[in-house]
Amino acid sequence: MRKILKIGAALGICVSLFGGILGFSAPGDTTDPVVTKSYIVDVVVPQLKAYVDQKVGTGSGGGGAVFTVVNVPAGSTVYGEAGTEIILRMGQGTVIATSKGGLADTTYGYDLPNGTAMPSNHHLIVPVNDGRGFKAVTDVIVMVKGGYTLN
């Protein structure tokens, strides 16, 4: 019984001291930060938006976050950078591949090897920056998202 009283008294003292410490700490200081709606709206959201805009880009000049319609004359070649997305909308083109592989056709889940006819309206991705792309057999219209070189 005596042991229980000692433990209870020690526990009571600890709770009193801890409560006193919490009672004297000021809200909003480094030990008790307060996040307000105005801080989130006025400070955090603009910083986050600027960061995302910087990382994603504006979509102009190739390498952006939106598809750009590109007219490719017959006989010309388009080489994509790593991650470039291509969708053939009109005309005929053949895939330019390397020894490491071709264009990833994510519509059907195939790797298109060198010389393969580009399928219309398929989502094609250039996996690495090693000279992959396509050659326009006829005048071609493609949608491109990402960096590319037209020769």
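Residues numbered from 1 in each chain as written. Predicted model: local features only at pLDDT ≥ 70, side-chain atom pairs only at ≥ 80, totals over all residues. Heavy atoms only, no water.

**Quick word on the overall build of the protein chain**
- Within the protein chain one finds 2 helices and 10 strands.
- Along its sequence from the N terminus, the protein chain presents helices and strands in the succession α-α-β-β-β-β-β-β-β-β-β-β.
- For the protein chain, the share of sequence-separated contacts (at least 6 apart) that also reach a separation of at least 24 residues comes to 72%.
- For the protein chain, the exposed surface amounts to about 10000 Å²; the carbon and sulfur share of it is 63%. (Helix = DSSP H or I, 4+ residues; strand = E, 2+ residues; numbered from the N terminus. Contact = heavy atoms within 4.5 Å. Areas by Shrake-Rupley, 256 points an atom, 1.4 Å probe, with all protein chains shown as cover.)

**As for the sheet that holds strand S7 (residues 124-125)**
- Strand order in this open sheet of 6 strands is S1-S9-S3-S7-S5-S6, and the pairing throughout is antiparallel. For this open sheet the edge positions go to strand S1 (68-72) and strand S6 (110-112), each flanked by a neighbour on one side alone.
- Where S1 lies against strand S9 (residues 140-145), 5 bridges are found, and the strand directions are antiparallel. The residue of S9 that forms the bridge with Val-69 is Met-143. (Pairing = 2+ DSSP bridges.)

**Considerations on the nonpolar core**
- Core analysis: the biggest nonpolar cluster contains 17 residues, and Val-72, Ile-86, Met-118, Phe-134, Val-140 and Val-142 have the highest contact counts within it.
- Looking at this core, the elements with two or more residues in it are S1, strand S3 (85-90), strand S8 (133-136) and S9.
- For this core, the element with the most residues is S9, which contributes 3 residues.
- Residues contacting Ile-86, with those up to four places away along its chain left out, are Met-118, His-122, His-123, Leu-124, Val-126, Phe-134, Val-142 and Met-143. (Core = buried A, V, L, I, M, F, W, Y, C linked by side-chain atoms within 4.5 Å. Buried < 20%, exposed > 50% of the residue type's maximum accessible area, 1.4 Å probe, protein only.)

**Digging into the pairing of S3**
- Sheet topology note: the S3/S7 ladder contains 2 bridges and is antiparallel. Its bridge partner being in S7, Glu-85 is matched across the sheet by Ile-125.

**Let's talk about the side chain of Asp-105**
- Mapping Asp-105 onto the fold places it in strand S5 (residues 103-105).
- Although Asp-105 lies buried, it forms no salt bridge, and the closest oppositely charged side chain, Arg-89, sits 13 Å away as judged by the N-O distance.
- Polar side-chain contacts of Asp-105 include one of 2.9 Å to the side chain of His-122.
- Not counting chain neighbours up to four residues away, the residues in contact with Asp-105 comprise Tyr-110, Leu-112, Pro-119, His-122, His-123 and Leu-124. (Lys, Arg positive; Asp, Glu negative; His and termini not counted. Salt bridge = Lys/Arg side-chain N within 4 Å of Asp/Glu carboxyl O. Polar contact = N/O pair within 3.5 Å; in protein donor to acceptor, adjacent residues only side chain to side chain.)

**Some thoughts on the pairing of S9**
- The side-chain alternation of S9 yields one buried face, formed by Val-140, Val-142 and Val-144, and one unburied face, formed by Ile-141, Met-143 and Lys-145.
- Pairing geometry for S3 and S9, over 5 bridges, is antiparallel. Counterpart to Leu-88 in the pairing with S9 is Val-142.

**Thoughts on the packing of aromatic side chains**
- If you walk through the whole model with that rule in mind, you get 1 aromatic pair.
- Between Tyr-108 and Tyr-110 the ring centres are 6.3 Å apart and the planes differ by 70°, which places this aromatic pair in the edge-to-face class. When sorted by exposure, Tyr-108 lands in the same class as Tyr-110, which is exposed. (Phe/Tyr/Trp six-rings, centres within 6.5 Å; stacked < 30°, edge-to-face > 60°.)

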